[in-house]
Amino acid sequence: VQEILISEFEKIAGVEAISACDYIPATGVSDAIVLKKPEADNDFGAFLYLGASEHFIDVLDLKLIAGKNLPANSSGNLDQYIVINESAVKKLGFEDSHQAVGATFQRKSNKEQLEIVGVIEDFRASLLINSETIRPLILRNIPQSFNYINVKVAGNSPMKIVNELNASWKSLDPVHEFRFECMDDELAATNMAILDIVSIVGYIAFLAIVIACLGL
């Protein structure tokens, strides 16, 4: 269903890029994963975990520092590949980001092997109130876990594009309500007690023109 929806959204003028994820970063929801090097006996470490599609870093305008992006995974058989942030590089003990690319790690819960294919710049993916530091983060493309579609729009008429997204949604699903939030509004509402809206958007480095739609 998500693939069909994304395909229809891509046809709308003004839509620059689309991605999907299982939760919206820095809004109070988070997940974690525990990993270790295969040769280590019991040296596990905990990391912030976010399921995200291959276009996620493009929509959020994040910089790829080393390696490559997550591969497309519509078939669901390429979820062993992960992208990590700079903080995760340090936590895993690598001297630089390029050294981390190609390394494999074992997940504690089910012992599956995961391979690092890329490293992105640090960005805030957890609430500001939780910590001033950027937490080590792992991105992984698992389409069945996605709950949100993120739409990057261009131009000075974002609401016109939103209306077209709404019409496209209703043509595919006339039963369920189309719900959306502008990313900067959602971040501001979540973090308002900590910083004003200008500081929040600048600090977290998210695009104000990103629109998140609840997926089916």
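Described in the following lines is the structure provided in the data block. Residue positions are given per chain, counting from 1 as you read along its sequence in written order. Only residues with pLDDT of at least 70 get local features here, since the model is predicted, and only at 80 or more are side-chain atom pairs given and counted; chain-wide, interface and lining totals rely on the full set of residues. Heavy atoms from the whole structure form the basis of all side-chain values; hydrogens and water molecules are not counted.

## Things to note about unusual backbone geometry
Phase 1 of the analysis: Its identity as a non-glycine residue notwithstanding, D61 has a phi of 60°, on the positive side.
Phase 2 of the analysis: As for its position among the elements, D61 is in the loop between helix 2 (56–59) and strand 4 (64–67).
Phase 3 of the analysis: Three exposure classes are used, based on accessible area relative to the maximum for each residue type with a 1.4 Å probe and protein chains only: buried under 20%, partly exposed in between, and exposed over 50%. D61 gets classed as exposed once you look at its relative accessible area, which sits at 52%.
Phase 4 of the analysis: For K111, which is not glycine, the phi torsion reads 65° and is therefore positive.
Phase 5 of the analysis: Accessibility expressed as a relative area gives 59% for K111, which makes it exposed. By the criteria applied, helices consist of DSSP H or I runs no shorter than four residues and strands consist of E runs no shorter than two, each listed in order from the N terminus.

## Quick word on the nonpolar core
Phase 1 of the analysis: Definition of nonpolar core: a set of buried residues of the types Ala, Val, Leu, Ile, Met, Phe, Trp, Tyr and Cys, connected through side-chain atoms within 4.5 Å. Ranked by size, the top nonpolar core spans 21 residues in total, and within it L50, F56, I120, F123, L137 and L139 carry the most contacts.
Phase 2 of the analysis: At the level of elements, strand 1 (15–21), strand 3 (45–51), helix 2, strand 7 (113–120) and strand 8 (137–140) are the ones that each hand at least two residues to this core.
Phase 3 of the analysis: In terms of residue count, helix 2 provides more of this core than any other element does, 3 residues in total.
Phase 4 of the analysis: I33, A66, A100 and I142 belong to the second largest nonpolar core, which has 19 residues in total.

## Describing the packing of helix 1 (residues 2–9) against helix 5 (residues 158–172)
Phase 1 of the analysis: Lines fitted to C-alpha atoms define the axes, with helix axes restricted to the stretch in contact, and inter-axis angles between N-to-C directions lie between 0 and 180 degrees. Direction vectors running N to C along helix 1 and helix 5 enclose 140°, while the axes themselves pass 10 Å from each other. Relative to helix 5, the element helix 1 is oriented oblique. The handedness of the crossing between helix 1 and helix 5 is right-handed. Contacts between helix 1 and helix 5 involve I4, L5, E8 and F9 from the first element and L165, S168, W169 and L172 from the second.
Phase 2 of the analysis: For the contact of helix 1 with helix 5, the per-class residue count stands at 6 nonpolar, 1 polar and 1 charged. For classification purposes, an angle smaller than 35 degrees is called roughly parallel, one larger than 145 roughly antiparallel, one from 65 to 115 roughly perpendicular, and anything else oblique. Should the near helix be turned anticlockwise from the far one by less than a right angle, the crossing is left-handed, and should it be turned clockwise, the crossing is right-handed. What makes two residues a contact is simply this: any of their non-hydrogen atoms within 4.5 Å. Under this grouping Gly is polar, as are all residues other than the nonpolar Ala, Val, Leu, Ile, Met, Phe, Trp, Tyr, Cys and Pro and the charged Asp, Glu, Lys and Arg.

## Topic: the packing of aromatic side chains
Phase 1 of the analysis: Any Phe, Tyr or Trp ring, taking Trp's six-membered ring, that has another such ring centre within 6.5 Å forms a pair; planes under 30 degrees apart are called stacked, those over 60 apart edge-to-face, and the others tilted. Counted under the stated rule, the structure contains 3 aromatic pairs.
Phase 2 of the analysis: Arranged with centres 6.3 Å apart and planes meeting at 85°, the rings of F94 and F105 form a pair that is edge-to-face. Here the residue F94 occupies a position in the loop between helix 3 (86–91) and helix 4 (97–100), and F105 occupies one in strand 6 (residues 104–107), the gap between them amounting to 11 residues. Both residues of the pair, F94 and F105, count as buried.
Phase 3 of the analysis: Members of the aromatic cluster, connected to one another through ring pairs, are W169, F178 and F180.
Phase 4 of the analysis: Look at NZ for Lys and CZ for Arg. If either is within 6 Å of the ring centre and within 35 degrees of the ring normal, a charge sits over the ring. For K37, the ring lying beneath its charged end belongs to F94, and the centroid distance is 5.6 Å.
Phase 5 of the analysis: Just above the ring of F47 sits the side chain of K91; from NZ or CZ to the centre is 5.6 Å.

## Side note on the environment of C182
Phase 1 of the analysis: Counting through the fold element by element, C182 comes out in strand 10 (residues 180–182).
Phase 2 of the analysis: With 31 residues separating them along the chain, C182 and V151 place their C-alpha atoms 9.5 Å apart.

## Some words on the environment of V162
Phase 1 of the analysis: Along the chain, V162 turns up in helix 5.
Phase 2 of the analysis: Spatially, the C-alpha atoms of V162 and G14 are 10.0 Å apart, while their sequence positions differ by 148 residues.

## Some remarks on the side chain of D173
Phase 1 of the analysis: With respect to the helices and strands, D173 occurs in the loop between helix 5 and strand 10.
Phase 2 of the analysis: Look at D173: it is buried, it has no salt bridge, and the nearest opposite charge is R179 at 9.8 Å.
Phase 3 of the analysis: In this structure the side chain of D173 is engaged in a polar contact, spanning 3.2 Å, whose partner is the backbone nitrogen of V175.
Phase 4 of the analysis: Two N or O atoms count as a polar contact when they lie within 3.5 Å, although within protein this holds only if one can serve as hydrogen donor and the other as acceptor, and sequence-adjacent residues are included solely when both atoms are side-chain atoms. In terms of polar contacts, D173 uses its side chain to reach the side chain of H176, at 2.7 Å. Neither His nor the chain ends is counted toward charge; the positive residues are Lys and Arg and the negative residues Asp and Glu. A carboxyl oxygen of Asp or Glu within 4 Å of a side-chain nitrogen of Lys or Arg is what we treat as a salt bridge.

## Quick notes on the pattern of salt bridges
Phase 1 of the analysis: Counted by the stated rule, this structure contains 6 salt bridges.
Phase 2 of the analysis: For E16, the salt bridge is made with K152, and the minimal N-O distance between the two is 3.9 Å. Here the residue E16 occupies a position in strand 1, and K152 occupies one in strand 9 (residues 148–153), the gap between them amounting to 136 residues.
Phase 3 of the analysis: Notably, a salt bridge pairs E112 with R140, separated by 2.8 Å at the nearest N-O pair. Note that E112 is positioned in the loop between strand 6 and strand 7 and R140 in strand 8, a separation of 28 residues in sequence.
Phase 4 of the analysis: For R140, a relative accessible area of 2% puts it in the buried group.
Phase 5 of the analysis: Here the residues in one salt-bridge network are D79, R107, E112 and R140, joined through shared partners.

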